[in-house]
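Here are the chains, one letter per residue:
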Amino acid sequence: EAAVTQSPRNKVAVTGGKVTLSCNQTNNHNNMYWYRQDTGHGLRLIHYSYGAGSTEKGDIPDGYKASRPSQENFSLILELATPSQTSVYFCASGAGTGGFTGQLYFGEGSKLTVL
Amino acid sequence: AQSVTQPDARVTVSEGASLQLRCKYSYFGTPYLFWYVQYPRQGLQLLLKYYPGDPVVQGVNGFEAEFSKSNSSFHLRKASVHWSDWAVYFCAVSMDMGYKLTFGTGTSLLVDP
């Protein structure tokens, strides 16, 4: 069974603070993704990665950084958190070159509240 | 740019009734289309996927979807809805089987007992 785990599951941060959301996958997938989910917007892609050491900007990267230190781990970093970044964040993994099927495996989400 | 539109934010059906959730895509090329489902307090799960070929694709739990190039649509259907189908459904598109999925805004399905 494909497994993607996120931490923390819930986080309350203050405006201007630094927040790191972590994601670990045991699927041995090359690709990993960070999405945010907001009412009326669905899921929007923030950053993604093709493999260890690579990060790419998605559709809404402003205010976010990403880090992929290994095949298994992909972090989303908010250096200076703002209330507009209050959202639910989802990490996902998917197979890479020659194996991409469109099937992403999602974590259970991290709810971030920025006060 | 690729995009999908789900025009219905919320749909309510009675248990046992048939269901159609609408999805329109916008892409000049060969679209690869997907339906994902999100149950309460969970991440998204793949329901079914369309690769160019047979326009009607079968998914899990009795769901199916039909691709129409002339209508730029990929509607999701189910003949008889069960209360356990209460969830949010997302349509998604991938450009030429690239590595990114673009999701629609989702349709919340409510099931009347």
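Refer to the structure above for everything that follows.
First things first, this report covers the structure right here in the doc.

Definitions and cut-offs
- Residues numbered from 1 in each chain as written.
- Chains lettered and ligands numbered in written order.
- Predicted model: local features only at pLDDT ≥ 70, side-chain atom pairs only at ≥ 80, totals over all residues.
- Heavy atoms only, no water.
- Helix = DSSP H or I, 4+ residues; strand = E, 2+ residues; numbered from the N terminus.
- Rg over C-alpha atoms; globule rule 2.2 N^0.38 Å.
- Buried < 20%, exposed > 50% of the residue type's maximum accessible area, 1.4 Å probe, protein only.
- Contact = heavy atoms within 4.5 Å.
- Salt bridge = Lys/Arg side-chain N within 4 Å of Asp/Glu carboxyl O.

1. Considering the overall build of chain B
Item 1. Secondary structure assignment for chain B yields 0 helices and 12 strands.
Item 2. For chain B, the N- to C-terminal ordering of α and β elements is β-β-β-β-β-β-β-β-β-β-β-β.
Item 3. In summary, chain B has a C-alpha radius of gyration of 13 Å against a globular reference of 13 Å for 113 residues, a match within 12%.
Item 4. With respect to the three principal axes, the spread of C-alpha positions in chain B is 40 × 30 × 20 Å.
Item 5. Classification of the 113 residues of chain B by burial places 47% in the buried group.
Item 6. At a minimum sequence separation of 6, the contacts of chain B that also span at least 24 residues come to 56%.

2. Comments concerning the pattern of salt bridges
Item 1. With the rule as written, the count across this model stands at 8 salt bridges over all chains.
Item 2. Across the pair A:Asp38 and A:Arg44 runs a salt bridge whose closest N-O atoms are separated by 3.0 Å.
Item 3. Note that B:Arg77 is salt-bridged to B:Glu64, the shortest N-O span being 2.6 Å. With B:Arg77 in strand E9 (residues 73–78) and B:Glu64 in strand E8 (residues 64–68), the pair connects residues that are 13 residues apart, well separated along the chain.
Item 4. You can call B:Arg77 partly exposed: its relative accessible area is 24%.
Item 5. Here B:Glu64 falls in the partly exposed class, since its relative accessible area comes to 21%.
Item 6. Linked by salt bridges that have partners in common, A:Arg36, A:Asp38 and A:Arg44 make up one network.

3. Considering the environment of B:Leu21
Item 1. By secondary structure assignment, the location of B:Leu21 is in strand E3 (residues 19–21).
Item 2. In this structure B:Leu21 touches B:Val11, B:Trp35, B:His75, B:Leu76, B:Tyr89 and B:Thr107, once residues within four positions along its chain are discounted.

4. Here we look at the environment of A:Leu76
Residues and elements named next belong to chain A.
Item 1. Mapped onto the elements of the fold, Leu76 is located in strand E8 (residues 73–78).
Item 2. For Leu76, a relative accessible area of 0% gives the class buried.
Item 3. As a C-alpha pair, Leu76 and Ile46 span 30 residues in sequence and 8.9 Å in three-dimensional space.
Item 4. Not counting residues up to four positions away in its chain, the partners in contact with Leu76 are Val19, Thr20, Leu21, Trp34, Ile46, His47, Tyr64, Lys65 and Tyr89.

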